[in-house]
Amino acid sequence: MNLRELVSALNDFASPSLAESWDNVGLLVEPSPPHTVNTLFLTNDLTEEVMEEAVQKKADLVLSYHPPIFTPLKRVTWKTWKERLVVRALENRIGIYSPHTAYDAIPHGVNNWLAKGLGTCTSVPLHPSTAPSSPAEGTHRVEFCADAEHLDAVLSKIKDIPEISCLTTLPARVEGEEQTRVSLTCSQKALLEVVALLSQNSLLYHKTEILLLQKPLLPQTGMGRLCTLSEPVSLSDIIERVKGHLQLPHVRVAVGAGRTLESPVKKAALCAGSGSSVLKGTEADLYLTGEMSHHDVLDAVANGISVILCEHSNTERGFLSELRDALAIHLQNKINIIVSEKDRDPLQVA
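About the cut-offs
Residues numbered from 1 in each chain as written. Predicted model: local features only at pLDDT ≥ 70, side-chain atom pairs only at ≥ 80, totals over all residues. Heavy atoms only, no water. UniProt positions renumbered as here; feature names shortened; annotations may be inferred. 1 Å grid on protein atoms, 1.4 Å probe; cavity = no way out; pocket = protein on both sides within 12 Å on 5 of 7 lines; lining within 4 Å. Helix = DSSP H or I, 4+ residues; strand = E, 2+ residues; numbered from the N terminus. Buried < 20%, exposed > 50% of the residue type's maximum accessible area, 1.4 Å probe, protein only. Contact = heavy atoms within 4.5 Å. Polar contact = N/O pair within 3.5 Å; in protein donor to acceptor, adjacent residues only side chain to side chain. Pairing = 2+ DSSP bridges. Axes fitted to C-alpha atoms, helices over the stretch in contact; angles between N-to-C directions. Parallel < 35°, antiparallel > 145°, perpendicular 65-115°, else oblique. Nonpolar A, V, L, I, M, F, W, Y, C, P; charged D, E, K, R; others polar. Core = buried A, V, L, I, M, F, W, Y, C linked by side-chain atoms within 4.5 Å. Domains from an automatic or database assignment. Left-handed = near helix turned anticlockwise from the far one by under 90°. Phe/Tyr/Trp six-rings, centres within 6.5 Å; stacked < 30°, edge-to-face > 60°. Lys NZ or Arg CZ within 6 Å of the ring centre and 35° of its normal. Arc of directions from axis to C-beta.

Draft legend 1. Structural context of the UniProt feature "binding site: a divalent metal cation" (unreviewed entry) in the protein. Under the UniProt annotation, the feature "binding site: a divalent metal cation" (unreviewed entry) is placed at His66, Asp104, His312 and Glu316. The greatest C-alpha distance among the annotated residues, which extend across 251 residues, is 13.4 Å, indicating that they converge on a single site. As for the lining of the largest pocket, the annotated residues named previously contribute His66 and His312. Mapped onto the fold, His312 is located in the loop between strand S14 (306-309) and helix H12 (319-330). Taking the relative accessible area as the measure of exposure, His312 reaches 22% and is therefore partly exposed. Discounting chain neighbours no more than four positions away, the residues touching His312 are His66, Gly273, Ser274, Gly290, Glu291 and Asp345. If you trace the backbone, Glu316 turns up in the loop between S14 and H12. With relative accessibility at 2%, the residue Glu316 sits in the buried group. Residues contacting Glu316, with those up to four places away along its chain left out, are Asn44, Tyr65, His66, Val110, Trp113, Ala272 and Gly273.

As structure tokens, then:
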């Protein structure tokens, strides 16, 4: 497949618009076009060892769940390992694509895969995603009526205000008089300027309506998951289930205040990777994530919530096999998709 065609298909699989605003997702490194992709190489972390594996396996595009370029690069030299990744990629005509939190949000993504480790359960996003461009760009709709005497002057000034879109006019009859109904969509910042402009004319101002635009939620899409188990299970059993699902010999556990390893777990909140900000304040029997700060663990325990920590990438890496199969179907088996054998968590129990 042509690289740009493949990137479009990957964006359809998980829209980059679903990623968190702080994230760096999409195509990060692009060899000079045209670039044909025969082999797509999946990894959780793109380290130098993994890059050498991708070169040896003649990958044309690396899909790295974590973006190897996150903070801006001021130069591309041989000095730092992340700069060397870019050099090696371009030398070998390998593109780099990262989905990161877009894969966290989608219904068929990382968090839903992690939830399978709990056993039979239903789940909903902790922080639902909203439709990225619906109903319109902007946060507010402003509508007002103006007569012919004021219309042109008001419209001229409104058009000079930045961050205004969807400006429309329609004939209207107000109190027996022919007028024009003006409707516009604007940002929060532009709203202040529009209101200030209209307030200069009391007749316009009294006929003004301001509507807050609410974007609809996307079903089963968003950050984190709140899982309700079909039957309560002891904490010790949940621990064994999670270890089995993630293929880990050990996890770290903090037992909630007033709880024991035999206490039942009915509701579990989870977030792949580093889950503190997503899980915080959620009422549940258990928090499941890769890593949390010491003080966030203390807060959870004090509130009677047990915590299972599996290390950051251990809560994500196992998804790659499921992703390989899903992408094979999505891409209609047009390219070869392989999963890295060198990718691994940097931490181990010694």
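More follows now that the structure is in view.
Draft legend 2. Structural detail: the environment of Glu178. Relative to the assigned elements, Glu178 resides in strand S8 (residues 177-186). Accessibility expressed as a relative area gives 57% for Glu178, which makes it exposed. Counting along the chain gives 30 residues from Glu178 to Ala148, while the straight-line C-alpha distance between them is 8.5 Å. Among residues more than four places away in sequence, those in contact with Glu178 are Ala172 and Arg173. In terms of polar contacts, Glu178 uses its side chain to reach the side chain of Arg173, at 2.2 Å.

Draft legend 3. Quick look at the side chain of Ser340. For Ser340, the location among the structural elements is in the segment after strand S15 (336-339). A polar contact is formed between the side chain of Ser340 and the side chain of Glu53, at a distance of 2.6 Å. Beyond its immediate chain neighbours, meaning those up to four positions away, Ser340 contacts Phe41, Leu42, Thr43, Val50 and Glu53.

Draft legend 4. Representation of the sheet that holds strand S12 (residues 264-274) within the structure. If you trace the six strands from one edge of the open sheet to the other, you get S5-S10-S12-S13-S14-S11, paired in mixed fashion. If you trace the sheet from one side to the other, it starts and ends with strand S5 (121-130) and strand S11 (252-254), each paired once. Put simply, the sheet's adjacent strands are angled 25° from each other on average, direction ignored. Judged from the eight bridges that link them, S5 and strand S10 (residues 217-234) form a sheet pairing that is antiparallel. Residue Thr122 lies in a different strand from S10, and its bridge partner there is Thr228. Lying over the sheet, helix H9 (residues 235-246) contacts S10, S11, S12, strand S13 (286-291) and S14, oriented at roughly 125° with respect to S10.

Draft legend 5. Looking closely at the packing of helix H2 (residues 48-56) against helix H3 (residues 81-91). Between H2 and H3, the shortest axis-to-axis distance is 10 Å and the interhelical angle comes to 5°. Looking at the two axes, H2 sits roughly parallel to H3. Between H2 and H3, the residues in contact are Glu48, Met51, Glu52 and Val55 and Trp81, Arg84, Leu85, Arg88 and Ala89, respectively. A per-class count over the contact of H2 with H3 returns five nonpolar, no polar and four charged.

Draft legend 6. Just the nonpolar core, in detail. Ranked by size, the top nonpolar core spans 70 residues in total, and within it Tyr103, Ile308 and Leu327 carry the most contacts. Per-domain counts for this core show at least three residues from each of domain 1 (3-102 + 317-339) and domain 2 (106-129 + 219-309). Beyond its immediate sequence surroundings of up to four residues, Leu327 is in contact with Leu10, Phe13, Leu40, Leu42, Leu63, Tyr103 and Ile337.

Draft legend 7. Seen up close, the packing of helix H1 (residues 3-13) against H12. Put simply, H1 and H12 touch, their axes get as near as 11 Å, and they point 115° apart. Of the two elements, H1 crosses H12, and the hand of that crossing is right-handed. Residues Ala9, Leu10, Asp12 and Phe13 of H1 pack against Leu323, Ala326, Leu327 and His330 of H12. In terms of residue class, the contact of H1 with H12 is built from six nonpolar, one polar and one charged.

Draft legend 8. A look at the packing of aromatic side chains. Enumeration over the complete set of coordinates arrives at three aromatic pairs. Centre to centre, the rings of Tyr103 and Phe319 are 6.1 Å apart; their planes meet at 80°, and the pair counts as edge-to-face. Of this pair, Tyr103 sits in helix H4 (residues 101-105) while Phe319 sits in helix H12; the two residues are 216 residues apart in sequence, bridging distant segments of the chain. Connected via pairs of aromatic rings, a cluster forms that spans Phe13, Tyr103 and Phe319. Over the ring of Trp78 we find Arg84; its NZ or CZ atom is 5.9 Å from the centre of that ring.

Draft legend 9. Inspection of H1 at higher detail. Within H1, the full set of buried residues consists of Leu3, Leu6, Val7, Ala9, Leu10 and Phe13. Around the axis of H1, the buried residues are gathered within 160° of arc, so they sit on the same side. Exposed and oriented more than 90 degrees from the buried face of H1 are Arg4 and Asp12. Along its buried surface, H1 packs onto strand S1 (26-29), strand S3 (61-64), strand S4 (95-98), H4 and H12. Put simply, Asn2 is the residue that caps the front of H1, since its side-chain oxygen is 2.9 Å from the backbone nitrogen of Arg4.

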